Amino acid sequence: NIAKIVKKLEEAGANLIGLACNTSYSPRIYNVIEEELNRLNSQVTLIHMPRETCKHIEENYPNYRRIGLMSTNGTYKSGLYKNLLEQFGFEVIIPDFDFQDNIIHRMIYDKEIGLKAAPNKKSLELEALLHRALSFFEQNKTDAIILGCTELSLLLKDKFVNNMLIVDPTEILAVALIREANVLTV
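Everything quoted here is computed from the prediction, not taken from an experiment.

A. Region of the structure containing the side chain of Thr72. Along the chain, the position of Thr72 falls in the loop between strand 3 (66-71) and helix 4 (73-78). On the basis of relative accessibility, which here comes to 5%, the residue Thr72 falls in the buried class. A distance of 3.3 Å separates a polar side-chain atom of Thr72 from the backbone nitrogen of Thr75. Dropping the residues within four chain positions of it, Thr72 is found in contact with Thr23, Gln100, His105, Ile108, Tyr109, Gly148 and Cys149.

Below, the structure is given as structure tokens:
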């Protein structure tokens, strides 16, 4: 249970926490975490990684309006980023579910070539899937792509690919945690 782990961290002295898993922020999961933390009288501050990601794009790339998402099927189906991005006024670029499942999700979860199965092993098949995914976003004139799964940053390390900004929420979360930690200590 994520809330119990957060509470243990709080008992160990943490007062600021970020969850480095995009899917954990989907409302069906995140709302339960918040309710459980309230029930446990937690005083910890949770940084909302997807919201920070949207703010980061808005503040640092104001002319970028067409934002793509590469994520697991869980994050895709939850509508988490789609809803947040739309609230921020962005146009959301996502593939249909068949493409999502057979190309993007497969890059992450395929038992043979997926990043979760073999995080340090790049295969030609994985590279081909990545090329197809990036081509989809490029053809749809995407300004930026959010890496909506932490493992994807193992595959896409460049800041720009084919003139599209690559946005790593875990990196943004780390910066937000530092920023908020500095606020708490002042």
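B. Expanded view of the packing of helix 3 (residues 49-60) against helix 5 (residues 80-87). Between helix 3 and helix 5, the shortest axis-to-axis distance is 10 Å and the interhelical angle comes to 40°. Of the possible angle classes, the one that applies to helix 3 and helix 5 is oblique. Read as a crossing pair, helix 3 and helix 5 show a hand that is right-handed. Contacts between helix 3 and helix 5 pair Pro50, Arg51, Thr53 and Cys54 from the former with Leu80, Tyr81, Leu84 and Leu85 from the latter. Among the residues making up the contact of helix 3 with helix 5, the classes are represented as 6 nonpolar, 1 polar and 1 charged.

Analysis parameters
Residues numbered from 1 in each chain as written. Predicted model: local features only at pLDDT ≥ 70, side-chain atom pairs only at ≥ 80, totals over all residues. Heavy atoms only, no water. Helix = DSSP H or I, 4+ residues; strand = E, 2+ residues; numbered from the N terminus. Buried < 20%, exposed > 50% of the residue type's maximum accessible area, 1.4 Å probe, protein only. Polar contact = N/O pair within 3.5 Å; in protein donor to acceptor, adjacent residues only side chain to side chain. Contact = heavy atoms within 4.5 Å. Axes fitted to C-alpha atoms, helices over the stretch in contact; angles between N-to-C directions. Parallel < 35°, antiparallel > 145°, perpendicular 65-115°, else oblique. Left-handed = near helix turned anticlockwise from the far one by under 90°. Nonpolar A, V, L, I, M, F, W, Y, C, P; charged D, E, K, R; others polar.

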